[in-house]
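# Structural features, examined
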Amino acid sequence: MTVALRAAVQNLTTLIPSLSSQVISILIRRASEALQPVRSMPLQFRAMSNKRPPSEPSFFVSGVLRPVRAYFGVESGIGPGGPSKEELMRPYGEEVFEAVVQKYIFYVTAMRKKEESLRKLKKGKKPTFSLFGGAPKEEDGREEERIRQQMVLDVEAFGKDAETLGVDVQGSASFKSLHELAIAPLSDGELGNTL
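To keep things clear, this report deals only with the structure shown in the data block. As the structure is a prediction and not an experimental result, all values here were calculated from the model. (Residues numbered from 1 in each chain as written. Predicted model: local features only at pLDDT ≥ 70, side-chain atom pairs only at ≥ 80, totals over all residues. Heavy atoms only, no water.)

Attention now moves to the overall build of the protein. On a plain count of helices and strands, the protein comes out with eight helices and zero strands. Ordering the α and β elements of the protein from the N terminus gives α-α-α-α-α-α-α-α. A burial count over the protein gives 37% of its 195 residues as buried. Restricting to contacts in the protein with at least 6 residues of sequence separation, those with at least 24 account for 79%. Per element, the accessible surface of the protein, about 12,000 Å² overall, is 59% carbon and sulfur. (Helix = DSSP H or I, 4+ residues; strand = E, 2+ residues; numbered from the N terminus. Buried < 20%, exposed > 50% of the residue type's maximum accessible area, 1.4 Å probe, protein only. Contact = heavy atoms within 4.5 Å. Areas by Shrake-Rupley, 256 points an atom, 1.4 Å probe, with all protein chains shown as cover.)

Structure, rendered in structure tokens:
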């Protein structure tokens, strides 16, 4: 009887790595979905009537790592991973965090490249007569600075959120790259130096 029980336990424990991998994959996918608004950040800023500098993180930031918190029942106390929270929340959190940081870098890099192309396109156009002088160019510079400030607020809030899951944010080379990308100016010539 004990041999059969040991064999059954052995069979179940061989499933753990595969199940863990599947759970992490699902958490990464759900966390990455929450990053979608990063791609349209410049468009959102241009459409805003409020032109004040940003003072708080974007709405989506708190939702990026929410799937990990929900899985382990961090806020509710109830979650499928609740019983293994002490053992698995940090390693799962770190794995999800690193994958999401890579996706975040991809989105920010693509957004910055698009902004650089737009800036070059605007530079190539001949200026037309304007009663108000160079105001559009000044406004473009202020918009770019607001976008950069918002990215910095978002990335820093994302890092703080990850720390609540036990992730070693300061030890992550990927996060350092993301933070450097966020704080770099959006002005000409800077994009190539940060990538």
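Our focus in this paragraph is helix H7 (residues 173-183). Within the span of H7, buried status applies to Ser-174, Phe-175, Leu-178, Leu-181 and Ala-182. Looking down the long axis of H7, one finds its buried residues gathered within 120° of arc, a one-sided arrangement. Across from the buried face of H7, at angles greater than 90 degrees, the exposed residues are Ala-173 and Glu-180. (Arc of directions from axis to C-beta.)

Throughout the structure, instances matching the rule amount to eight aromatic pairs. Note on Phe-97 and Phe-175: the rings are 5.8 Å apart at their centroids and 35° apart in plane angle, and the pair reads as tilted. Residue Phe-97 is located in helix H5 (residues 85-124), and its partner Phe-175 is located in helix H7; the two are separated by 78 residues in the primary sequence. For the pair formed by Phe-97 and Phe-175, the shared burial category is buried. Taking 6.0 Å as the distance between ring centres and 50° as the angle between the ring planes, the aromatic pair formed by Phe-106 and Tyr-107 counts as tilted. On the basis of relative accessible area, Phe-106 is assigned to the exposed category, the value being 53%. (Phe/Tyr/Trp six-rings, centres within 6.5 Å; stacked < 30°, edge-to-face > 60°.)

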